[in-house]
Amino acid sequence: MASYCMTVARLQLALGTGAKRFHVSAVFSSKAKVAMSRFEPGSSIGYEKMHENINIVRRRLSRPLTLSEKIVYGHLDDPVGQEIDRGRTYLRLHPDRVAMQDATAQMAMLQFISSGLPKMAVPSTIHCDHLIEAQMGGTQDLQRAKELNEEVYNFLATAAAKYGVGFWKPGSGIIHQIILENYAYPGVMLIGTDSHTPNGGGLGGICIGVGGADAVDVMAGIPWELKCPKVIGVRLTGTLAGWTSPKDVILKVAGILTVKGGTGAIVEYHGPGVDSISCTGMATICNMGAEIGATTSVFPYNHRMKTYLEKTGRGEIVSVADEFKEDLVPDKGCEYDQVIEINLSELKPHINGPFTPDLAHPVSEIGAIAKKSGWPLEVKVGLIGSCTNSSYEDMGRSASLAKQALDKGMKCKAQFTVTPGSEQIRATIERDGYAKILSDVGGVVLANACGPCIGQWDRRDVKKGEKNTIVTSFNRNFTARNDANPATHAFVTSPEIVTALALAGTLSFNPETDYLTAPSGEKFKLQPPSGDELPSRDFDPGQDTYQHPPAESGSVKVDVNPSSNRLELLTPFDKWNGKDLENMRVLIKVKGKCTTDHISAAGPWLKFRGHLDNISNNLLIGAVNIENDAVNKVKNQLIGEYGGVPDVARFYKANGVNWVVVGDENYGEGSSREHAALEPRHLGGRAIIVKNFARIHETNLKKQGLLPLTFADPSDYDKIRPDDKISIIGLKSFAPGKPLTAVIKHCDGSEEYISLNHTFNETQIEWFKAGSALNRMKELQ
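Residues numbered from 1 in each chain as written. Predicted model: local features only at pLDDT ≥ 70, side-chain atom pairs only at ≥ 80, totals over all residues. Heavy atoms only, no water.

Trainee: Explain the confidence of the model for the chain residue by residue, including any values.
Mentor: Overall, the prediction assigns the chain a mean pLDDT of 93, with 94% of residues at 70 or greater. Within the model, the stretch residues 1-45 combines pLDDT values under 50 with 94 contacts to residues more than four positions away or in other chains. (pLDDT = per-residue confidence, 0-100. Contact = heavy atoms within 4.5 Å.)

This is the structure:
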């Protein structure tokens, strides 16, 4: 404890008691002061405990460890007894902290309230970034969001105060940028209720996206379960230069691994090329690792991270991390399950899309490919920013290109929007002149929020159904994700390439070789982008947007209006009745890609994220029905009429009929949103049967008492017809590693038996029997 007090004193001395951007009291919660095994930043006790665990595991396994293994195994609940087998066993872990964005925090906090626990067991924060719609510009949009979402913001603020959670108000910035600026550090294990939580890997942490129910486990102090990840090594050589940016690394990797190639694995970057990438550039790479299905991504501790920590007021962490540096880099001779080699000196600028983030193209070829494919060449809108690319360096490099155009009297031919990642970034780029340059070239600076990246965009320049092209520096480009228009061809690339294409107004422009024409008629070529990694002066923190929880919260009242259409207290799901699931209807047999956006759309539906019954009206409305190639049109087998997916689900539930969903490959890829699991459970679903699952969604389904099952023979997908009845038998002897059997009953009276696999362990089977993980938690209290 003396060592702990010394560490806190050192941090306070270094940061000053009034430091706004690193909240010592928020980091060292009362629980953490008692249980320093939580590995808090700057705590030599925490790093010592992690070091001790690593040595125990290394002796047990008798082999060198990857960096990923060091951090993950360093957080084991029982390093002596834990069975460790990459890709097979489930680990019981103690993450250091939890972060929640406002759209997912509503359900996470409602579940925590339902648990009956009085306070968080680990430091936790809520970040208001998802509910701000891009419409007019930053100031106006923020004010409008505060008015429209007052009820939700009040609920989150009071719930945070009541249960000991830090609260970042609307306008503070995007969750992942705030975490990087304040809470991530080398060796941390952090879970966040957003799929792009891996952004923190840019600071050497294991940061993992999860559903709200997982967050509740950690906030309750219960060991958190994670299937022991495999480790994919990406060895970087050479040096980034010219038009090539950190974003191009992950765009290239996505093209190699595809949207499911990283499933069940941590992607670990290493090699001499790492040192040519800035800390925020490493964060960009880790952030978009979510698009390959990876559990998370991470970089080894190096001088770039030290510089970033010092510049963001956390120099004391550097001195402690340096003492334990060997635990924050991979062991020599460690083995990876797969290795990818990328020479940064040879890497060319990339652009991925449309409609999927793994369709990779060199920028030099995209014009010809688009023309051949019939994709619109005209760029209607260029959008820079988002949690993936909104750092000071990103904005500076984009501004360097905009300045060249302005010097020639030229502005963007396409519409152009700029989303700062945080209030600190906004204030600093405004002070240093970048914001003015980007505005002068035609850019509209939006609020410090997610905005168009998640579909919070009131777009009015094209009609729904009108074919068009947009280019973004975002991470995800699924059909209709950004603007609710399924005909929008969205491409993801670096902020620099977005800026260049917005200036040119066409996909066929290659900034490395092509010329722009100034209003004077002069032809000129853009010089490669340049920009400082970090500001020469300190960051400008901007407005103080943080609310620290009070020391005493007994008098704090959390109100949920029973008549609200935005918030609804949860009712526990029913327990398993001990019988096999008989004669279930097929609600929908999904054809092709089915992301969490297809299962539970975002955009205008975000306002119902705290009201399970209302948001369930978007269940699977974006999924394609194999029967008719239509969306949101399925046959109600009880009455023989077609209706919307949620309407038919409600009809079945009202008539006591259980149902299943049948799906294709990588079902549930994309966002971590647990609503995609809560909604089918709420409307009477019992099982989701697919060829294979995305990691987070499979876990979310288990947490809510559903059965995520996979065809033992993927071709059995073809045996199921939309009018079949399905029984799942063998549940009385439900056990880890033991397949279940489905009986497919066709309407002609014939039956077929198929084998269904699952990944449930003993603990997860108890969730199913109890009706949900939350129900099981209550049983154990």
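Trainee: Account for the sheet that holds strand β28 (residues 685-690), with residues named and values stated.
Mentor: Sheet architecture is closed into a barrel: 7 strands sit in the order β22-β27-β28-β29-β32-β31-β30, paired in mixed fashion. The average angle at which neighbouring strand axes cross in this sheet is 40°, direction not considered. By the bridge criterion, 2 bridges tie strand β29 (residues 707-711) to strand β32 (residues 751-757) in an arrangement that is antiparallel. If you follow Thr 710 over to β32, its bridge partner there is Asn 757. In the packing of helix α22 (residues 645-654) onto the sheet, the strands contacted are β22 (581-589) and β27 (659-662), and the crossing angle to β22 comes to about 165°. (Pairing = 2+ DSSP bridges. Helix = DSSP H or I, 4+ residues; strand = E, 2+ residues; numbered from the N terminus. Axes fitted to C-alpha atoms, helices over the stretch in contact; angles between N-to-C directions.)

Trainee: Explain the environment of Leu 780 to me, using residue names and the numbers behind them.
Mentor: Within the fold, Leu 780 resides in helix α26 (residues 773-780). Owing to a relative accessible area of 61%, Leu 780 belongs among the exposed residues under this scheme. Sequence separation between Leu 780 and Gly 116 is 664 residues; the distance between their C-alpha atoms is 12 Å. (Buried < 20%, exposed > 50% of the residue type's maximum accessible area, 1.4 Å probe, protein only.)

Trainee: Summarise the packing of aromatic side chains; cite the residues concerned and give the values.
Mentor: Going through the model one piece at a time under the given rule, you end up with 15 aromatic pairs. Between Trp 168 and Tyr 546, the ring centres sit 4.9 Å apart and the planes meet at 55°, which makes this aromatic pair tilted. Of the two residues, Trp 168 sits in strand β4 (residues 166-168) while Tyr 546 sits in strand β21 (residues 546-547), which places them 378 residues apart along the sequence. Residue class for Tyr 546 comes out buried when judged on its relative accessible area of 10%. Plain terms: the ring middles of Tyr 392 and Phe 539 are 6.3 Å apart, the flat faces sit at 90° to each other, and that makes the pair edge-to-face. Linking Tyr 392 in helix α16 (residues 392-407) with Phe 539 in the loop between β20 (523-524) and β21, this pair joins segments that are 147 residues apart in sequence. Each member of the pair, Tyr 392 together with Phe 539, is buried. (Phe/Tyr/Trp six-rings, centres within 6.5 Å; stacked < 30°, edge-to-face > 60°.)

Trainee: Quick rundown of the packing of helix α11 (residues 246-257) against helix α12 (residues 279-288)? Include the residues and the values.
Mentor: At their nearest, the axes of α11 and α12 sit 8 Å apart, and the two run at 25° to each other. Looking at the two axes, α11 sits roughly parallel to α12. Seen from above, α11 lies across α12 with right-handed handedness. Seen from α11, the contacting residues are Pro 246, Lys 247, Val 249, Ile 250 and Leu 251; seen from α12, they are Gly 281, Thr 284, Ile 285 and Met 288. (Parallel < 35°, antiparallel > 145°, perpendicular 65-115°, else oblique. Left-handed = near helix turned anticlockwise from the far one by under 90°.)

Trainee: Can you break down the side chain of Thr 237 residue by residue, with the values?
Mentor: Among the structural elements, Thr 237 can be located in strand β8 (residues 230-237). Setting aside residues no more than four positions away along its own chain, Thr 237 makes contact with Pro 272, Gly 273, Ile 342, Asn 343, Leu 344 and Ser 345.

Trainee: Please provide a residue-by-residue account of unusual backbone geometry, values included.
Mentor: Pro 354 follows Gly 353 through a cis peptide bond whose omega is 0°. By the secondary structure assignment, Pro 354 is in the loop between β12 (350-352) and β13 (360-362). Phi at Thr 258 is positive, roughly 70°, even though this residue is not glycine. Summarising the element assignment, Thr 258 is placed in the loop between α11 and β9 (265-270). Unlike most non-glycine residues, Ser 386 shows phi in positive territory, near 85°. In this structure, Ser 386 sits in the loop between β14 (379-385) and α16. Residue classification places Ser 386 among the buried positions, given a relative accessible area of 1%.

Trainee: Summarise the nonpolar core; cite the residues concerned and give the values.
Mentor: Ranked by internal contacts, the top residues of the largest apolar core, which has 167 residues, are Leu 236, Tyr 269 and Phe 299. When residues no more than four places from it in sequence are discounted, the contact partners of Leu 236 are Val 249, Tyr 269, His 270, Gly 271, Pro 272, Gly 273, Val 274, Ile 277, Phe 299, Ile 342 and Leu 344. (Core = buried A, V, L, I, M, F, W, Y, C linked by side-chain atoms within 4.5 Å.)

Trainee: An account of helix α8 (residues 150-163) is needed here, citing residue identities and associated values.
Mentor: With 14 residues, α8 should reach 20 Å at 1.5 Å per residue; the first-to-last C-alpha distance of 20 Å fits that figure. Of all 14 residues in α8, 10 are buried, a share of seventy percent or more. All buried positions along α8 are accounted for by Val 152, Tyr 153, Phe 155, Leu 156, Ala 157, Thr 158, Ala 159, Ala 160, Ala 161 and Tyr 163. Contact partners of the buried residues in α8: α6 (102-115), β3 (124-127), α7 (138-148), β4 and β21. Gly 164, located one to two residues past α8, shows a positive phi value of around 85°. (Expected span 1.5 Å × (residues − 1).)

Trainee: Describe the pattern of salt bridges, naming the residues involved and giving the relevant values.
Mentor: Evaluated as defined, the whole model comprises 42 salt bridges. The salt bridge partner of Arg 63 is Glu 69, with a shortest N-O separation of 2.7 Å. Taking the shortest distance from any N to any O, the salt bridge between Glu 83 and Arg 88 comes out at 2.2 Å. In this structure Glu 83 comes out as partly exposed when scored by relative accessible area, which is 45%. Linked by salt bridges that have partners in common, Arg 63, Glu 69, Arg 86 and Asp 337 make up one network. (Salt bridge = Lys/Arg side-chain N within 4 Å of Asp/Glu carboxyl O.)

Trainee: So, the sheet that holds β13: which residues are in play, and what are the values?
Mentor: Across a sheet, paired strands are connected by hydrogen bonds in the backbone, their directions being either parallel or antiparallel. An order of β13-β12-β18-β17-β14-β15-β16 is seen for the 7 strands of this open sheet, with the pairing classed as mixed. Looking at which strands have only one partner, the edges of the open sheet turn out to be β13 and β16 (443-445). Averaged over all pairs of adjacent strands, the angle between strand axes in this sheet comes to 25°, irrespective of strand direction. Sheet topology note: the β14/strand β15 (residues 415-419) ladder contains 5 bridges and is parallel. Looking at β15, one finds that Val 381 is bridged to Gln 415. Relative to the sheet, helix α19 (residues 495-504) contacts β12, β14, β15, β17 (468-472) and β18 (488-493), its axis offset from that of β14 by approximately 150°.

Trainee: Residue-level account of the packing of helix α13 (residues 303-311) against helix α14 (residues 315-323), with values.
Mentor: Close contact between α13 and α14 brings their axes to 7 Å; oriented N to C, the two are set at 150°. Contacts between α13 and α14 pair Lys 306, Leu 309 and Glu 310 from the former with Gly 315, Ile 317, Val 318 and Asp 322 from the latter. Of the residues assigned to the contact of α13 with α14, the class counts are 3 nonpolar, 1 polar and 3 charged. (Nonpolar A, V, L, I, M, F, W, Y, C, P; charged D, E, K, R; others polar.)

Trainee: Break down the side chain of Asn 510 for me, with residues and values.
Mentor: Along the polypeptide, Asn 510 turns up in the loop between α19 and β19 (516-517). Note on Asn 510: relative accessible area 9%, which makes it buried. Ignoring anything within four residues of it in the chain, the contact list for Asn 510 reads Val 363 and Ser 364.

Trainee: Provide a residue-level description of the pairing of β22, including the pertinent values.
Mentor: Judged by how many residues are buried, β22 sits mostly within the fold: 7 of 9 residues are covered. Across 3 bridges, β22 lies against strand β30 (residues 725-729) in antiparallel orientation. Bridge pairing links Leu 581 to Ile 728 in β30. Of the strand pairs in this sheet, β22 and β27 are connected by 4 bridges, and their pairing is parallel.

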